[in-house]
Structures are given as C-alpha cells and as structure tokens.
Amino acid sequence: MNHLSPAAPPPAGPAGRSAAPLDGVDRAILRELQADGRLSMRALAERVSVSRSSAHARVERLVADGVITGFTARVDPVRAGLGTAAYVLVTIEQNSWRQVSARLREVPGIEHLAFVGGDVDLVMLVRTPDNASLRDIVLARVHALEGVRSTRTWLIFDETPTRHPEDVAEAP
C-alpha cells in the first residue's frame, strides 16, 4: 500500500490506535532506518543496543504490521530533473472521489495525493521538469478528468526539508 492507495486503513485498535503501540526500541529502530535505510542488521542492533536477532525480529514485525511500508532512497528532485514543484488544490464533484483518485494515480508527476477537509477536496504535490509540463498536467490531465470541478495551483519557490529521523512520533 502506498500514499495513493485506495485501500481502507487498518481497523482502529485500543484508544483509536491502528497498530500495536511502539516501545522505545521500536522508535529507535525507526529513527535509525529513516536516517540510513541501508544499515545492516548488525549495525542496527549495535546502534539500538539489542541483539542482531532481536533487531531482525522487530524489523520484520514492523514490516508485517505495516509500520514500515518500504525502504527507499531520498532523491533530490531538482538534481533528478524535477525543478518545478507545486501544490495543486482540487475540488471535485461530491460522489466522484473514487473515480477521480483512481485516475489521478495514473498521472505522472503527482508525488503525493491527500483527501482533505475544508474548502477543497484534494491536495496534490506535483513535480515536473518545468512550468510547461506542470501546465500540461494541471490543464490537460487533471482538468480533463470527469468529476473535477476546479483546481488552484500554488507554485513552490523553495523547499526546506522538515522531516528528520529524530522526529519519529513518540507515544503520547
């Protein structure tokens, strides 16, 4: 399942939780893997002060529980040729969200798609090589979808990453 998946979220557990609570070792493992997803199990175990077999079992459990959804490389979009970025706010017809989201998943350049409450229905992060490509995605691809009523595009002038490995959510 990825950020564009139409699948339902896991059922809520105790106190609205969707998974088993994470302990300090689990959170430490997540921090380390977010900082360097290529760590060996041996190095991970040393960094979080558990045995290699315990680290391996915990990572496997975190994957099985859906806490870890994959291992990826962080890519600099500008250096990868995607120097234009924008948030595109989309308003859709009330009962068309399933069809619209299915079609939007097919549009290249949409990096993130979120259904939101408020004045708009969807917020998308779109990355393209240039403004002409962004225009084509918004006007030719998104506006052409049945069920899309309107869009608003906010061009991103500069980005500062705010997510750091130490920001893994702590248990309340």
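## Here's the deal with helix α1 (residues 24–35)
Given a rise of 1.5 Å per residue, 12 residues ought to cover 16 Å, and the 17 Å separating the end C-alpha atoms of α1 matches this to within 8%. Considered for burial, the residues of α1 that qualify are Asp26, Arg27, Ala28, Ile29, Leu30 and Leu33. Looking at where α1 begins, the residue whose side-chain oxygen comes 3.1 Å from the main-chain nitrogen of Val25 is Asp23.

## Here we look at the packing of aromatic side chains
Using the criterion set out here, one finds 1 aromatic pair in the structure. Geometrically, the ring pair formed by Trp97 and Phe115 is edge-to-face, given 5.8 Å between the ring centres and 80° between the ring planes. Placement of the pair is Trp97 in helix α4 (residues 97–104) and Phe115 in strand β2 (residues 110–115), with a sequence separation of 18 residues. Given a relative accessible area of 36%, Trp97 falls into the partly exposed group.

Here is what the cut-offs are and how they apply
Residues numbered from 1 in each chain as written. Predicted model: local features only at pLDDT ≥ 70, side-chain atom pairs only at ≥ 80, totals over all residues. Heavy atoms only, no water. Helix = DSSP H or I, 4+ residues; strand = E, 2+ residues; numbered from the N terminus. Expected span 1.5 Å × (residues − 1). Buried < 20%, exposed > 50% of the residue type's maximum accessible area, 1.4 Å probe, protein only. Polar contact = N/O pair within 3.5 Å; in protein donor to acceptor, adjacent residues only side chain to side chain. Phe/Tyr/Trp six-rings, centres within 6.5 Å; stacked < 30°, edge-to-face > 60°.

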